[in-house]
Amino acid sequence: MRPAEALARIRRYDGRLKAFVQVFDPPLFGEDDDGPTVAIKDLFDVAGVPTGGGAQVPLDPKPAHHAIVVERLLQGGYSAVGKTHTVELAYGGWGTNRAVGAPWNPWDAKVHRAPGGSSSGSAVAVAAGLCDVALGSDTGGSVRIPAATCGVVGLKPGRGLVSLKGVHPLSPSLDTVGTLARDVTTAARALAVISGPDGDAAVRHPFDAEHGSLQTSAAGAWPPSRARAWANSIPR
C-alpha cells in the first residue's frame, strides 16, 4: 500500500474507528518514500512525538530518539503513517481504555465491540486496511489477543530476538515486540527487518523470513479427513 493511499483511507475511516492517536501527514519516510506502510503502537518512542502509553499523562512528552525497531523499519524502506491506541499502560486484554478512549473493532460498524488489547489500535488499523503492517508489544497476549479478535495475523517472537530499546515496559522480563498484518508473509517480513542484536537484551541472530520459514508448506499436515473427524467430535 502506498503511503498516500494509506493516508486517504485513514482520513476516510479513522474518524469512526479511532485506531490512531496521531497520524503522520506527511508520513515518516526512511530509505524509500514509497515503501510499505507501518503503524506504531503508542508505547514505542518516535523522536519528537509524545509517547502516550494510553495514559492521560505521556510516558515521554518528547523522546530524543526513535525506538530501535522504528529506526530499523524506516531504514528498511517502510513509511510510518501514525501511532496507534493502546490499553492504558499496556495493561489489559480487552482493548478498552477509560483514560483516552478505545478504538472500534472494524468488523461491526454499528456496535462498539472490543478490539482486544493491549495493541488494540494496531490490530484495528491492520484489519481495516489503514496500513500494511503494525507494531505491537506482547507481555501476556497483547499482540495475539487483538489479532485474534480483529481477524488478522499476530506474530509474537521469543525473547531476545527483537530489541526493546525505546519501548516502554510493562514487565521487562516478559515483554516482547511483535508484528501484525493481514497475512503471514507481511508479518514475517516486518519481523525480519526489526529483529537482530542490539548490544543489550536482543542477542539472537536476525530472523530470515525469505529462506526457510516462508518456504515451508503446511500442505498435508492435517488431512481433510482428520479435520472432519476432529470437527465431528466436538459436542454440540
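Because the structure is a prediction, the values reported are computed rather than measured. (Residues numbered from 1 in each chain as written. Predicted model: local features only at pLDDT ≥ 70, side-chain atom pairs only at ≥ 80, totals over all residues. Heavy atoms only, no water.)

The subject of this paragraph is the sheet that holds strand β4 (residues 133–138). Ordered by their spatial adjacency, six strands build an open sheet running β1-β3-β2-β4-β6-β5, and the pairing between neighbours is mixed. Each of the sheet's edge strands pairs with one partner strand only, and the pair in question is β1 (20–28) and β5 (153–155). On average, adjacent strands in this sheet sit at an angle of 25° to one another, irrespective of strand direction. In this sheet, strand β3 (residues 79–84) lies alongside β1 in antiparallel orientation, the contact comprising four bridges. Of the residues in β3, the one forming a bridge with leucine 28 is alanine 80. Packing of helix α2 (residues 68–75) onto the sheet brings it into contact with β1, β2 (37–41), β3, β4 and β6 (176–181), and relative to β4 it is tilted by some 160°. (Pairing = 2+ DSSP bridges. Helix = DSSP H or I, 4+ residues; strand = E, 2+ residues; numbered from the N terminus. Axes fitted to C-alpha atoms, helices over the stretch in contact; angles between N-to-C directions. Contact = heavy atoms within 4.5 Å.)

Right, let's get into the packing of aromatic side chains. Counted by the stated rule, this structure contains zero aromatic pairs. Over the aromatic face of tryptophan 104 sits the side chain of arginine 16, whose NZ or CZ is 4.2 Å from the ring centroid. (Phe/Tyr/Trp six-rings, centres within 6.5 Å; stacked < 30°, edge-to-face > 60°. Lys NZ or Arg CZ within 6 Å of the ring centre and 35° of its normal.)

A few words on the side chain of aspartate 175. Its place among the elements puts aspartate 175 in the loop between β5 and β6. The side chain of aspartate 175 is buried and forms no salt bridge, while arginine 159, the nearest opposite charge, is found at 6.1 Å. Within the structure, aspartate 175 has its side chain in polar contact with the side chain of threonine 139 (distance 2.5 Å). Excluding its chain neighbours within four sequence positions, the residues that come into contact with aspartate 175 are Asp138, Thr139, Arg159, Leu164, Pro169 and Leu170. (Buried < 20%, exposed > 50% of the residue type's maximum accessible area, 1.4 Å probe, protein only. Lys, Arg positive; Asp, Glu negative; His and termini not counted. Salt bridge = Lys/Arg side-chain N within 4 Å of Asp/Glu carboxyl O. Polar contact = N/O pair within 3.5 Å; in protein donor to acceptor, adjacent residues only side chain to side chain.)

The next thing to look at is the nonpolar core. In globular proteins that are soluble, nonpolar side chains generally tend to be buried together. One finds Phe44, Val69, Val70, Leu135, Val177 and Ile194 to be the most contacted residues of the largest nonpolar core, which totals 26 residues. The set of elements that each furnish at least two residues to this core consists of β2, α2, β4, β6 and α5 (184–194). Excluding its chain neighbours within four sequence positions, the residues that come into contact with isoleucine 194 are Val69, Arg72, Leu73, Leu135, Val162, Ser163, Val177 and Thr179. Judged by nonpolar contacts, the second largest core, of 22 residues, contains Trp104, Ala128, Cys131 and Ala134. (Core = buried A, V, L, I, M, F, W, Y, C linked by side-chain atoms within 4.5 Å.)

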